[in-house]
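Chain and residue survey
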Amino acid sequence: MAAPGNTDTATGAATAEVVAPITITHDTGAVLDFGTFTAGTAAGTVTVDQAGVGSATGDAVHVATSTESADSFTVTGDANRGF
């Protein structure tokens, strides 16, 4: 509590904007699949791009029947807002 004589009064204004939180939902049926590949004795890398196209480099090699796929999510929130 303030001591007598040590008080003051001021007037001001404040504003605020409440934004919708983002929602991330996994898309039904989507799955990240690196495919079928062999790994040698040296380093290698297996990747899948956003289109679901896989690639293997170094001592990792996709087998001929390999099928790869990218996962997928739906993100919603306030339009034109970065999160």
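Each value, and the rule that gives it
Residues numbered from 1 in each chain as written. Predicted model: local features only at pLDDT ≥ 70, side-chain atom pairs only at ≥ 80, totals over all residues. Heavy atoms only, no water. Helix = DSSP H or I, 4+ residues; strand = E, 2+ residues; numbered from the N terminus. Rg over C-alpha atoms; globule rule 2.2 N^0.38 Å. Contact = heavy atoms within 4.5 Å. Areas by Shrake-Rupley, 256 points an atom, 1.4 Å probe, with all protein chains shown as cover. Patch = residues over 30% accessible without salt bridge, like charges linked within 9 Å, V, L, I, M, F, W, Y side chains within 5 Å. Salt bridge = Lys/Arg side-chain N within 4 Å of Asp/Glu carboxyl O. Buried < 20%, exposed > 50% of the residue type's maximum accessible area, 1.4 Å probe, protein only. Polar contact = N/O pair within 3.5 Å; in protein donor to acceptor, adjacent residues only side chain to side chain.

1. Section: the overall build of the protein chain
Scanning the protein chain for helices and strands turns up zero helices and four strands. For the protein chain, the sequential pattern of α-helices and β-strands runs β-β-β-β. Taken over C-alpha atoms, the radius of gyration comes to 27 Å for the protein chain, far larger than the 12 Å a tight globule of 83 residues would show. If you line up the protein chain on its principal axes, its C-alpha atoms span 85 × 30 × 20 Å. Looking at the protein chain alone, contacts between residues at least 24 apart form 52% of all its contacts between residues at least 6 apart. Surface accessibility of the protein chain: about 6700 Å² in total, with carbon and sulfur atoms responsible for 55%.

2. Let's talk about a nonpolar patch on the surface
A contiguous nonpolar surface patch, about 390 Å² in accessible area, is contributed by Ile22, Ile24, Phe73 and Val75. Within the fold, valine 75 resides in strand S4 (residues 73-76). On the accessibility criterion, valine 75 (54% relative accessible area) is exposed.

3. Let's talk about the side chain of glutamate 68
Its place among the elements puts glutamate 68 in the loop between strand S3 (54-62) and S4. Within polar-contact distance, the side chain of glutamate 68 engages the backbone nitrogen of glycine 54 at 3.5 Å. Reaching out from glutamate 68, the side chain makes a polar contact with the side chain of histidine 62 at a distance of 3.5 Å. Beyond its immediate stretch of four places on either side in the chain, glutamate 68 contacts Asp33, Phe34, Gly35, Val48, Gly52, Gly54 and His62.

4. Some thoughts on the environment of alanine 10
You can see alanine 10 is positioned in the segment before strand S1 (23-26). Assessed through its relative accessible area of 74%, alanine 10 is described here as exposed. Counting along the chain gives 64 residues from alanine 10 to threonine 74, while the straight-line C-alpha distance between them is 47 Å.

5. Considering the environment of aspartate 71
Along the chain, aspartate 71 turns up in the loop between S3 and S4. A relative accessible area of 31% means that aspartate 71 is categorised as partly exposed. Residues aspartate 71 and alanine 43, 28 residues apart in the sequence, show an inter-C-alpha distance of 25 Å. Excluding residues within four positions of it along the chain, aspartate 71 makes contact with His26, Ala30, Val31 and Leu32. Among the polar contacts made by the side chain of aspartate 71, one reaches the side chain of histidine 26 at a distance of 2.7 Å.

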